[in-house]
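Listed below are the residues making up each chain.
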Number of protein chains: 4
Amino acid sequence: MTGVFNHPWLSGLFADGEIAALWSAEAQLAHMIAFEAAWSRHGHLGGLWSEAEGAAAASAIAAVSLAPEELRDGTAQDGVCVPALVRLLKERTGQAAIHKGATSQDVIDTATVLSLVRSLDLIDQRLVTLGDALSDLEARFGDRPLMGRTRMQAAVPITVADRLQTWRLPLETHRDRLAQLRPRVALVQIGGAAGDRAALGVGADAMCTAIAQELGLGTTPRAWHAMRDGLAETASTLSLITGTLGKMGQDICLMAQQGIDAITLAGGGGSSAMPHKQNPVQAELLVTLARFNAVQLSGMHQALIHEQERSGAAWSLEWMLLPQMVQATGRALGGASDLTAQITSLGARDRLS
Amino acid sequence: MTGVFNHPWLSGLFADGEIAALWSAEAQLAHMIAFEAAWSRHGHLGGLWSEAEGAAAASAIAAVSLAPEELRDGTAQDGVCVPALVRLLKERTGQAAIHKGATSQDVIDTATVLSLVRSLDLIDQRLVTLGDALSDLEARFGDRPLMGRTRMQAAVPITVADRLQTWRLPLETHRDRLAQLRPRVALVQIGGAAGDRAALGVGADAMCTAIAQELGLGTTPRAWHAMRDGLAETASTLSLITGTLGKMGQDICLMAQQGIDAITLAGGGGSSAMPHKQNPVQAELLVTLARFNAVQLSGMHQALIHEQERSGAAWSLEWMLLPQMVQATGRALGGASDLTAQITSLGARDRLS
Amino acid sequence: MTGVFNHPWLSGLFADGEIAALWSAEAQLAHMIAFEAAWSRHGHLGGLWSEAEGAAAASAIAAVSLAPEELRDGTAQDGVCVPALVRLLKERTGQAAIHKGATSQDVIDTATVLSLVRSLDLIDQRLVTLGDALSDLEARFGDRPLMGRTRMQAAVPITVADRLQTWRLPLETHRDRLAQLRPRVALVQIGGAAGDRAALGVGADAMCTAIAQELGLGTTPRAWHAMRDGLAETASTLSLITGTLGKMGQDICLMAQQGIDAITLAGGGGSSAMPHKQNPVQAELLVTLARFNAVQLSGMHQALIHEQERSGAAWSLEWMLLPQMVQATGRALGGASDLTAQITSLGARDRLS
Amino acid sequence: MTGVFNHPWLSGLFADGEIAALWSAEAQLAHMIAFEAAWSRHGHLGGLWSEAEGAAAASAIAAVSLAPEELRDGTAQDGVCVPALVRLLKERTGQAAIHKGATSQDVIDTATVLSLVRSLDLIDQRLVTLGDALSDLEARFGDRPLMGRTRMQAAVPITVADRLQTWRLPLETHRDRLAQLRPRVALVQIGGAAGDRAALGVGADAMCTAIAQELGLGTTPRAWHAMRDGLAETASTLSLITGTLGKMGQDICLMAQQGIDAITLAGGGGSSAMPHKQNPVQAELLVTLARFNAVQLSGMHQALIHEQERSGAAWSLEWMLLPQMVQATGRALGGASDLTAQITSLGARDRLS
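My aim in this report is to walk through the structure given alongside it, one point at a time. Sequence order as written defines residue numbering, which begins from 1 separately in each chain. To label them, take the chains in the order written and letter them from A, then take the ligands in the order written and number them from 1. Only residues with pLDDT of at least 70 are given local features in this predicted model, and only at 80 or more are side-chain atom pairs given and counted; all residues enter the totals for whole chains, interfaces and linings. To get the side-chain values, all heavy atoms of the structure are used, and hydrogens and water are removed first.

What follows covers the relation of the copies chain A and chain C. Least squares is used to superpose the copies, and the fit set is the C-alpha atoms of residues whose pLDDT is at least 70 in both copies. Turning chain A through 180° and shifting it by 0.0 Å along the axis lays it on chain C, with an RMSD of 0.0 Å. What the superposition gives is, in effect, a two-fold axis relating one chain to the other. When C-alpha positions in chain A are compared against the rotation axis, the closest is assigned to A:Gly3, at 2.6 Å. The contact criterion used is simple: two residues touch if any of their non-hydrogen atoms lie within 4.5 Å. Of all interface residues in chain A, 100% are interface residues in chain C too; the two copies therefore contact each other through one and the same surface.

Another point: the interface of chain D and chain A. Taken residue by residue, the interface counts 27 residues in chain D and 27 residues in chain A. Summed over both partners, the accessible area (1.4 Å probe) lost when two parts come together is defined as the buried area. Carbon and sulfur atoms make up 45% of the area that chain D and chain A hide from each other, which totals about 2400 Å². Just to be clear on terms, a salt bridge is a Lys or Arg side-chain nitrogen sitting within 4 Å of an Asp or Glu carboxyl oxygen. Here A:Glu284 and D:Arg151 are joined by a salt bridge, their closest N and O atoms 2.7 Å apart. Contacts described as polar in this section are N or O atom pairs within 3.5 Å, which, within protein, must combine one atom able to donate a hydrogen with one able to accept it, while residues neighboring in sequence count only if both atoms come from side chains. Summed over the shared surface of chain D and chain A, the result is 11 residue pairs in polar contact (both at pLDDT 80 or more). Runs of H or I in DSSP of at least four residues are treated as helices and runs of E of at least two as strands, each being numbered from the N terminus. Those elements that place two or more of their residues in the side of chain D that touches chain A are β1 (145-150), β2 (153-159), α10 (229-255) and α11 (281-302) of chain D. Per-element accounting of the side of chain D that touches chain A gives the leading share, five residues, to α11(D). Charged residues are taken to be Asp, Glu, Lys and Arg, nonpolar residues to be Ala, Val, Leu, Ile, Met, Phe, Trp, Tyr, Cys and Pro, and polar residues to be all remaining types, Gly included. Across the side of chain D that touches chain A, the residue classes tally to 11 nonpolar, 11 polar and five charged.

What follows is about the relation of the copies chain D and chain A. When chain D is fitted onto chain A, the two copies agree to an RMSD of 0.0 Å after a turn of 180° and an axial shift of 0.0 Å. Comparing interface residues between copies, 100% of those in chain D also sit at the interface in chain A, which points to an isologous, same-surface contact.

Another point: the side chain of D:Lys247. Structurally, D:Lys247 is set in helix α10. Residue burial is assigned from relative accessible area. The probe radius is 1.4 Å, only protein chains are included, and a residue is buried under 20% of its type maximum, exposed over 50%, and partly exposed in between. According to the relative accessible area criterion, D:Lys247 is buried, its value standing at 1%. Of the polar contacts made by the side chain of D:Lys247, one reaches the backbone oxygen of C:His306; its length is 3.0 Å. Those residues in contact with D:Lys247 that lie beyond four places of it in its chain are C:Ala226, C:Leu304, C:Ile305, C:His306, C:Glu307, C:Gln308, D:Thr166 and D:Trp167.

Contact with chain A, which involves 72 residues of that partner, is made by 72 residues of chain C. Roughly 5600 Å² of surface becomes buried between chain A and chain C when both sides are summed, with 63% attributable to carbon and sulfur atoms. Seen at the junction of chain A and chain C, the total is zero salt bridges. Connecting chain A to chain C are 10 residue pairs in polar contact (both at pLDDT 80 or more). Of all elements in the fold, only α1 (11-14), α3 (25-42), α5 (72-78), α6 (82-93), α11 (281-302) and α12 (312-342) of chain A reach the threshold of two or more residues within the side of chain A that touches chain C. Counting residues per element, the side of chain A that touches chain C draws most heavily on α11(A), which supplies 12 residues.

Honestly, that's just the spatial picture; any functional story needs more than this.
The structure is reproduced here in structure tokens:
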């Protein structure tokens, strides 16, 4: 059990149930099956089979019961789960109007995007929730004095509102970013073997549009198999979000120091050696998750160098990184909200001398 | 001489004259002086001095002659060049209506933004130029057959246009990104000692607006001293651009292999050992610069954790990274355009068997 | 299910059973319990309790049955699992001579090191195995001609041995590195609340030595709570290993291109769209894992900035990164060995023209 | 002027004169010329020319006067400076017994290693100097009480010595690391066109040994053109060093906070806005440089994926990163020593309550 997001006990610290559900193997498999069903249903538009054959296959696919583990050996062999998935779907449905003209990357990228857009929705909601919580704190404590600190040194007195706003204002900007990037990433992936939709003939656009619509995604004039900027931009935005939260977490850790005493937190973490301690665990976690995402981001950008029509190496690197970045972002937003709820006091009660 | 962008001979490979000029010490100094002059000129709006005093100081500042090296010792002492700059400006002008109410970060961040927005303009133009060059290649060679390659293996035949579009289409998207991020980063920095514009009183907004206008930038309701998401987003976009170009460079390197022979380049690099070789130096360089920016990007996101009202540590890290990322991006765009001009043939003349 | 190492189907590609077992939650828990038992057993040397009390507690601890999930809520609360672990151990044993004088970091770091040293042993064995396999390939194909390629261009003919040696020789050097770093990382962690072993009095050294011996580790004159260079160096070495394998994988991908045809692989991965393809999945995976580790490494070095006596933020970042790096390294070594077994031919049969 | 290490004023903060000199263009050129002279002198051992011809050429090469800028255009054309260098050396000496059998990478890598080993020597000396300074501080202030802080919270009192040792002890370990890696990196690079020393015939070993000896380096049975683990390991060690110093810097920043007051520094940096402030500029710089190196390290490990016999892309990436990492390390060590000299008090004078 290596990943902190699934670990029996570390998940207590690192995992967020709602985000985790969007990226569960079951959800991923359901998304792939939804793609395959839509492909069967609309394949007649691309001349792949008759409308009736496609409809029958789509219904049958939707009714198939598959366990995630059934794709393991095939993935080991082929490097992707889709050949095994297609084989099983054909076996269990007895239908032939399945997957023809599509490729593994169509299925997997679309499934990933489906998890991603649901995650971005949740992240957007949480940005609102957190922003509101910070506004509430500002309403309660904003006027209190706080020693402004620059370069780790006391500078001049400011107010609690001044610091709180450096945590809150970027959240609104992040929402703008999410709204702007969404049409660049919430896109069905359809390309076929080499990305040119050759198998779909003149009906390619109609078929892609129909599938996109069924899945609640946008479409593009051509596949983005080898153009990964939408995913890397999404990763960048996730890291911008955790970066803002990391700054908030770092500030809270510094404010919570005895001798600084600019914040009071209820319910910090306990220590096995020092029962008197109240560790600002959630605040530290925000720093950890921000640094984690800043690290992973580098790999998502390395993966932009996606050679030719499909890079197995670069694509697999995304699989290792992007889901973790989403989990970290979801957890950071949840943790930040929890943390705001733990704050019982901010700033000084009296004027700073 | 460590940096490749200034190195006596490595600059031949890595430097781009136009971008370099925008980040020269002389340009940076001119931008800082422009900020200080604007500050003096509009300081009366913030009640810092009379309009006449400010105007006199602004004129005098604009006329001061300063060599970049004069700021070196002060920077060594203070960690920032601004205390030395202000001291010299006051000495040489004999004026007092200078800098009061501002802070080092106001000056340096605004100067950086001025180099940045000019760079983004240039980058945007170059995206157009490169896109046009790729469209030209598509017009000339687009219909030719090319073996589509997925996972480094021959897949099915595609056309040259299919591959060229994976290089060109993201360039248009990058232009959209630049347009969207611009209002988030083309912003004057004004905060004063602790970021709250306390010294400027009720006239703060008017003064900030006037300065922003003079400098051709936008303004914000408060300083972004400790909110660095605009800069990190810019860095992300730079890396997205070089990532696209890195993919193009990698593809060209692969196409240029003897045995693949899917591209002909004129004027490759010579070898000291093998005079017959034509190395695809510009194509390799695109890969190098993409990986370089993907690496640096991680640091720009680490710097989001900008503690309290000003983090000397995080801020200085940006200084080490962002200018290099801009240089690398400018060079990559220039190199990519040079490379397109070197292409004398793409794809196969005949139908692939 | 986010992590590729535990994922129901992605584990087919990314997971290595032997390495995974060393980092399973069960193994980690067993290592923590082994530490606590040793602590109880030798605590009398530090004056914590009588030898008999400690022996009784140690025996009782060793007999406790605990499920990993039982530590989840405590970890959520405290940010570390140890307070919950200690509470459960005390409850279930009814013993008091437990954990006193130790701290969470002592337990967790020592447990991590125990997984790590077993992993390093396995990695070392695999370096030998892989080196032998490469020597075998050299014996079989080493004399065959191969076109030497520099800067992605045909240069001059070399032999297969020339290229194979660039894959094999660094493996031996990596073994030297592992041997040299081992005494710097195979160390028990004992510090107590603030790292100074204050609770152990004059018997601290004796107690630490006894515990280290029981656990098969070395000891140090003081705790390394806040000195993380041993772990970061280990991470560096892991990444050096995967880097060498990534170079091998990249070479094999290039050699396997149709048109280059310098290698023949049996049993490549199948495609859902193109049944004729044999994708060099294992070779690509080596590239992916090398880039993955190169990315993660940056975070392990960021975590060197471990403030004061214990940094929750930096420490937790290690938890997110190091186990994944070990898994990736184990998988890469296994994959590289599998890959060598798939090679049925290398180089050209005839003299290159 | 983009690089902080050469910048007219930022060099005041970031540059270290001694390290900079070792990597100046002049030093790099001198190292390349030294290689070419040694090559000419010993080329007769490889049957390239007669001993007399080689000796004459070596003498003539050593007397050539060349300005770094003269290599610029050639580097722009060829991607490496060596073809231009060789052309100029031949022109100016009128000798023919030059460079034959060598390749660009032989010259450039050997020159880099020469700068590197001198840098490692200097770094080693500075580790000693800094260790001594920290020992002195321990002698002066080590017994004083200090509040131990874990997870950013007051834990239990420790002594100043306890914290100082977390800064000092790793320095000794780093010296061990440097000693162990030295024979893996202080190596002449000799391979010729495709790395197999084919041009040198049976005298290859003798010739390589003679050249290595002349240059004060070790040799290897074959070229390490495509085996970059020695350089990446060196980069890792540099980052371990700056990581330790970054931890020290972060601690000092935290200790210097008003309210914590556990350190007194003389001669901090001044502020343009707040003349009363004493910013811990050198301490912050240590954090910056540590994070910088942790970022760059990722790229040095990406460059391990060095395809075939020579990767222009991966090799050039090293040029962009490694010299900067060395500069950052030299500066950090110098800065840390300066910082220790600024410390006038550590810990509390009285017992902590």
